[in-house]
Amino acid sequence: MTQATAMIIGASSQLSQTLAKQFSEQNVELVLFVQNPESIKPLTESLTTPVTVYPLAIEQPKQLIEQIESAWQTHNGAHLVIINTGLNGYDPALPWQLDEDIIDVNVKGFAAVANSVFKLLCEQGYGQLAAINSIAGLRGGPNVAYHASKAFAQSYLEGLSMHAQRLKLPVTISDIQLGLLDKAAMQGNKFWLPPIDKVAGQIITGLKKGKRKFYVTKRWRLVAWLTVGLPEFIYNTRHWKPKKKR
């Protein structure tokens, strides 16, 4: 039986590295892309299956596409590609530089990866493209560019899925709607912040089932449902109160 190969594009985060460990335990060969390859040496040395690490030029789309295509040829394709690249930040002054950086990574960089990988999967004739997305893309929010970029990713993935259906190819597109784990961590809310192993395990389970879109962890589905259903006059004012004049 041919050993499965998984590519993780954006392997520096704790979630990506936990996914890599669990894939390795399931005898999956790994191809990892990270901005600083040296930074994940402790991870790669601990894995029990073959692993190759490549640099990641997420802010240079043309170079990024070339990196992916080169690795694809070297490894004779892949069964699964996970995109986990993302930049977030908040400044109440809304400086353009912050928004531009987020757009460069979360929109231009993401689209470059998704577009090139989708084409490679179509040429291969099968495979799965998945992205670690966020329920932040369901509505606008104070992290303006971040929320908008996640909405873009959600729509882009849906479009790729429709395109694969039109081509009648067994190429699966999976949108992994991650809960607001950063916010839960800041608030110290253990109920909404499960162990990272559980998060990775639910992601792998959803991928194996070939789900088009799923929430991780499952309880965030309720939050997503409430977020979409809230009327604008409630959603847009729930955190903001006018300052009292002194």
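In what follows, the structure referred to is the one given above.
Residues numbered from 1 in each chain as written. Predicted model: local features only at pLDDT ≥ 70, side-chain atom pairs only at ≥ 80, totals over all residues. Heavy atoms only, no water.

## Quick word on the pattern of salt bridges
Applying the stated rule across the entire model yields two salt bridges. Between Lys41 and Glu38 there is a salt bridge whose closest N-O contact spans 3.6 Å. The class of Glu38 is exposed, set by a relative accessible area of 52%. Arg139 is the partner of Glu232 in a salt bridge, and the nearest nitrogen-oxygen pair spans 3.4 Å. Of this pair, Glu232 sits in helix H9 (residues 232-235) while Arg139 sits in the loop between strand E5 (127-134) and helix H5 (144-167), placing them 93 residues apart in sequence. (Salt bridge = Lys/Arg side-chain N within 4 Å of Asp/Glu carboxyl O. Buried < 20%, exposed > 50% of the residue type's maximum accessible area, 1.4 Å probe, protein only. Helix = DSSP H or I, 4+ residues; strand = E, 2+ residues; numbered from the N terminus.)

## A look at the packing of aromatic side chains
Inspection of the entire model under this criterion finds three aromatic pairs. Taking 5.4 Å as the distance between ring centres and 25° as the angle between the ring planes, the aromatic pair formed by Phe33 and Tyr54 counts as stacked. Highlighted residues: Phe33 in strand E2 (residues 29-34) and Tyr54 in strand E3 (residues 51-55), separated in sequence by 21 residues. For the residue pair Phe33 and Tyr54, the accessibility class agrees, reading buried in each case. Seen in terms of ring centroids, Phe110 and Tyr156 are 6.2 Å apart; in terms of plane orientation they differ by 75°. Their pairing is edge-to-face. (Phe/Tyr/Trp six-rings, centres within 6.5 Å; stacked < 30°, edge-to-face > 60°.)

## Let's talk about the environment of Ala71
Examined against the element boundaries, Ala71 turns out to sit in helix H3 (residues 61-74). Ala71 gets classed as buried once you look at its relative accessible area, which sits at 1%. It is 9.7 Å that separates the C-alpha atoms of Ala71 and Val53, two residues lying 18 residues apart in sequence. Ignoring any residue separated from it by four or fewer positions in sequence, one finds Ala71 in contact with Met7, Phe33 and Tyr54. (Contact = heavy atoms within 4.5 Å.)

## A look at the sheet that holds strand E1 (residues 5-9)
One open sheet accounts for seven strands, arranged E3-E2-E1-E4-E5-E6-E7; its pairing is parallel. The open sheet terminates on both sides in strands that have one partner only, identified here as E3 and strand E7 (213-216). With direction set aside, neighbouring strand axes in the sheet form an average angle of 20°. Bridge count for E5 against strand E6 (residues 171-178) is eight bridges, and the pairing is parallel. The residue bridging Gly127 from the neighbouring strand is Val171, located in E6. (Pairing = 2+ DSSP bridges. Axes fitted to C-alpha atoms, helices over the stretch in contact; angles between N-to-C directions.)

## Comments concerning the packing of helix H4 (residues 96-124) against H5
At a minimum axis distance of 10 Å, the contact between H4 and H5 shows a crossing angle of 10°. The orientation of H4 with respect to H5, classified from their angle, is roughly parallel. The crossing of H4 and H5 is right-handed. Here H4 contributes Asp99, Ile102, Asn106, Val107, Phe110, Ala111, Ala114, Asn115, Phe118 and Cys122 to the contact with H5, which in turn contributes Ala145, Tyr146, Ser149, Lys150, Phe152, Ala153, Tyr156, Leu157, Leu160, His163, Ala164 and Leu167. Of the residues contributing to the contact of H4 with H5, the split by class is 16 nonpolar, four polar and two charged. (Parallel < 35°, antiparallel > 145°, perpendicular 65-115°, else oblique. Left-handed = near helix turned anticlockwise from the far one by under 90°. Nonpolar A, V, L, I, M, F, W, Y, C, P; charged D, E, K, R; others polar.)

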